[in-house]
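Residue-level structural notes
Each chain, letter by letter, is given below.
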Amino acid sequence: FSGSLILGLTLHSQFHQLSKFLPRLQQTIKTAEEFILPSLFLFAANYSNSIALDRIGISLCYTSKCGINLITVLFTLILDGVSALPSAMTLASLVPIAFGIGMASWNSPTFEWIGFLAAMLSATSQAALNVSSKRVMNR
């Protein structure tokens, strides 16, 4: 996050004009405060993804992470209620995703509980990132 901030500030056309740069820096810092929660979710997703990759391998890890769509819908339902849910057809399209995740993960030779839980934590953190960053951006 800090690397992106520095890169964005230095490559901006107003970087060399100090009178325009300082207000932009202040505005960026003020806006960055609103993204603390999404950035924590991003960190958790990446950290737990690294653990999952180490423990269960890439195929099962990313098969488990296909559940991000399901978890995002669940978070939306919990936080915003039934009125925020997508259409019935969209919800129906999640059924084959859930079924496919189950079938692909059912008898994996690299299955390990710690790795699987880390992959699910990564997927849950990514879904929380999706929901929280959308809320911040809609403000």
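Look a little higher up for the structure.
Keep in mind it's a predicted model, so treat the numbers as computed, not measured.

Notes on a nonpolar patch on the surface
On the surface, Leu 74, Leu 77, Ile 78, Leu 79 and Val 82 cluster together into a nonpolar patch covering about 490 Å² of accessible area. Within the secondary structure layout, Leu 77 lies in helix 4 (residues 68-80). Note on Leu 77: relative accessible area 33%, which makes it partly exposed.

Considerations on the packing of aromatic side chains
This structure, assessed with the given rule, holds 2 aromatic pairs. Taking 5.9 Å as the distance between ring centres and 15° as the angle between the ring planes, the aromatic pair formed by Phe 43 and Tyr 47 counts as stacked. One end of the pair, Phe 43, and the other, Tyr 47, are both in helix 3 (residues 36-64), 4 residues apart, so they sit about a helical turn from each other. A relative accessible area of 56% places Phe 43 in the exposed class. Measuring from ring centre to ring centre gives 6.0 Å for Trp 113 and Phe 116, while their planes differ by 80°; the resulting arrangement is edge-to-face. With a gap of 3 residues between them, Trp 113 and Phe 116 both fall in helix 7 (residues 113-137), about one helical turn apart.

Quick word on the packing of helix 3 against helix 7
It is at 6 Å that the axes of helix 3 and helix 7 come closest, and there the two elements cross at 145°. Viewed along their axes, helix 3 and helix 7 form a crossing whose handedness is left-handed. In the contact of helix 3 with helix 7, the residues fall into 20 nonpolar, 9 polar and 1 charged.

Some remarks on the pattern of salt bridges
Under the counting rule described, the total for this entry stands at 2 salt bridges. We note a salt bridge from Arg 55 to Glu 112, for which the minimum N-O separation is 2.5 Å. Residue Arg 55 is located in helix 3, and its partner Glu 112 is located in the loop between helix 6 (94-105) and helix 7; the two are separated by 57 residues in the primary sequence. Between Arg 135 and Asp 80 there is a salt bridge, with the nearest N and O atoms lying 2.4 Å from each other. Placement of Arg 135 in helix 7 and of Asp 80 in helix 4 is noted, with a sequence separation of 55 residues between them. Residue Arg 135 is classed as partly exposed on the basis of its relative accessible area of 36%. On the basis of relative accessibility, which here comes to 38%, the residue Asp 80 falls in the partly exposed class.

Parameters at a glance
Residues numbered from 1 in each chain as written. Predicted model: local features only at pLDDT ≥ 70, side-chain atom pairs only at ≥ 80, totals over all residues. Heavy atoms only, no water. Patch = residues over 30% accessible without salt bridge, like charges linked within 9 Å, V, L, I, M, F, W, Y side chains within 5 Å. Areas by Shrake-Rupley, 256 points an atom, 1.4 Å probe, with all protein chains shown as cover. Salt bridge = Lys/Arg side-chain N within 4 Å of Asp/Glu carboxyl O. Helix = DSSP H or I, 4+ residues; strand = E, 2+ residues; numbered from the N terminus. Buried < 20%, exposed > 50% of the residue type's maximum accessible area, 1.4 Å probe, protein only. Phe/Tyr/Trp six-rings, centres within 6.5 Å; stacked < 30°, edge-to-face > 60°. Axes fitted to C-alpha atoms, helices over the stretch in contact; angles between N-to-C directions. Left-handed = near helix turned anticlockwise from the far one by under 90°. Nonpolar A, V, L, I, M, F, W, Y, C, P; charged D, E, K, R; others polar.

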